[in-house]
Amino acid sequence: MVLIFNATAALGRVGGYPFAATPDKPPFADDPNHVLAQDPDVATLAEMAKAQTDEAMWHLTVEPSIGFGAYHFSCNPYRDLDPYQLPGGMSAEEYMAWVSHLFEKTWMGRSDFERMIDFFWRHKGAQPPSLK
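Since this is a predicted model, take the numbers as computed values, not measurements.

Engineer: A description of the packing of aromatic side chains should follow, citing residues and the corresponding values.
Structural biologist: Applying the stated criterion across every chain yields a total of 8 aromatic pairs. Note on tyrosine 95 and phenylalanine 120: the rings are 4.8 Å apart at their centroids and 40° apart in plane angle, and the pair reads as tilted. Here phenylalanine 120 lies in helix α3 (residues 110-122) and tyrosine 95 lies in helix α2 (residues 92-103), a separation of 25 residues in the sequence. Residue classification places tyrosine 95 among the buried positions, given a relative accessible area of 3%.

Structure, rendered in structure tokens:
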């Protein structure tokens, strides 16, 4: 079975039903006083480089709010916490349709969507097919 669960204690019990998407952008991205939100033509090259570095570092260090796991039914560590469970035995097409459906929910963001697609292949020890 594939479980989708809350992975951040600040949002509730880890392993329970997911409540919020993993952030897709840093909190300072919407701050009108931050150099990333201002006209890039006004910022100096050093300011823009620092802002881009800050954003890249944030993306590398942000903790996901949503976790994924493939578990045997008897080994499910979250069975009492009501995580979201995907139907088992899905083809790649069915899995992608479910991922697309879940992406439409408010508790799943773009990074979660990308992680779930990658998860389909990684948990099988495979690589996604080439797009070429």
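Engineer: Please provide a residue-by-residue account of the pairing of strand β1 (residues 2-6), values included.
Structural biologist: The buried fraction of β1 is high, at 5 of 5 residues. Strand direction decides the pairing type here: β1 and strand β2 (residues 66-70), joined by 5 bridges, are antiparallel. Residue leucine 3 lies in a different strand from β2, and its bridge partner there is glycine 69. The pairing of β1 with strand β3 (residues 84-86) spans 3 bridges and is classified as antiparallel. By the bridge assignment, isoleucine 4 is partnered in β3 with tyrosine 84.

Engineer: Explain the environment of valine 62 residue by residue, including any values.
Structural biologist: Checked against the element boundaries, valine 62 lands in the loop between α1 (45-61) and β2. Judged by relative accessible area, valine 62 falls into the partly exposed class, the value being 24%. Spatially, the C-alpha atoms of valine 62 and serine 100 are 23 Å apart, while their sequence positions differ by 38 residues.

Engineer: Lay out the nonpolar core in plain terms, naming residues and giving numbers.
Structural biologist: Residues Ile4, Phe68, Leu86, Tyr95, Leu102, Trp107 and Met116 are the most contacted members of the largest nonpolar core, which totals 16 residues. Mapped onto this core, the elements with two or more residues apiece are β1, β2, β3, α2 and α3. The element that contributes the greatest number of residues to this core is α3, accounting for 4 residues. Once residues lying within four places of it in the same chain are set aside, the contact partners of leucine 86 are Val2, Ile4, Tyr95, Trp98, Leu102 and Met116. Residues Met1, Phe5, Tyr78 and Leu81 belong to the second largest nonpolar core, which totals 5 residues.

Engineer: Hey, could you go over α3 for me, with residue numbers and the actual values?
Structural biologist: Helical geometry: 3.6 residues make up each α-helical turn, so side chains three or four residues apart lie on a common side. In this model α3 runs 18 Å from its N-terminal to its C-terminal C-alpha over 13 residues, within 8% of the 18 Å that 1.5 Å per residue would give. What α3 keeps buried is the set Ser111, Asp112, Met116, Phe119, Phe120 and Trp121. Among the structural elements, β1, β2, β3 and α2 are those in contact with the buried residues of α3.

Engineer: Describe in detail the confidence of the model for the protein, supporting the description with residues and values.
Structural biologist: Per-residue pLDDT for the protein has a mean of 83; in total, 92% of the residues score no lower than 70. Between the elements of the protein, mean pLDDT differs from a low of 83, seen in α1, to a high of 90, seen in β1.

Engineer: Which residues make up the pattern of salt bridges, and what values go with them?
Structural biologist: By the definition in use, this model includes 4 salt bridges. Between lysine 50 and aspartate 54 there is a salt bridge, with its nearest N and O atoms 3.0 Å apart. Of this pair, lysine 50 and aspartate 54 both sit in helix α1, 4 residues apart, roughly one helical turn. Across the pair glutamate 114 and arginine 110 runs a salt bridge, and its minimum N-O distance is 2.9 Å. Taken together, the residues glutamate 114 and arginine 110, both in helix α3 and 4 residues apart, mark about one turn of the helix. Residue glutamate 114 is classed as partly exposed on the basis of its relative accessible area, which comes to 39%.

Parameters and conventions
Residues numbered from 1 in each chain as written. Predicted model: local features only at pLDDT ≥ 70, side-chain atom pairs only at ≥ 80, totals over all residues. Heavy atoms only, no water. Phe/Tyr/Trp six-rings, centres within 6.5 Å; stacked < 30°, edge-to-face > 60°. Helix = DSSP H or I, 4+ residues; strand = E, 2+ residues; numbered from the N terminus. Buried < 20%, exposed > 50% of the residue type's maximum accessible area, 1.4 Å probe, protein only. Pairing = 2+ DSSP bridges. Core = buried A, V, L, I, M, F, W, Y, C linked by side-chain atoms within 4.5 Å. Contact = heavy atoms within 4.5 Å. Expected span 1.5 Å × (residues − 1). pLDDT = per-residue confidence, 0-100. Salt bridge = Lys/Arg side-chain N within 4 Å of Asp/Glu carboxyl O.

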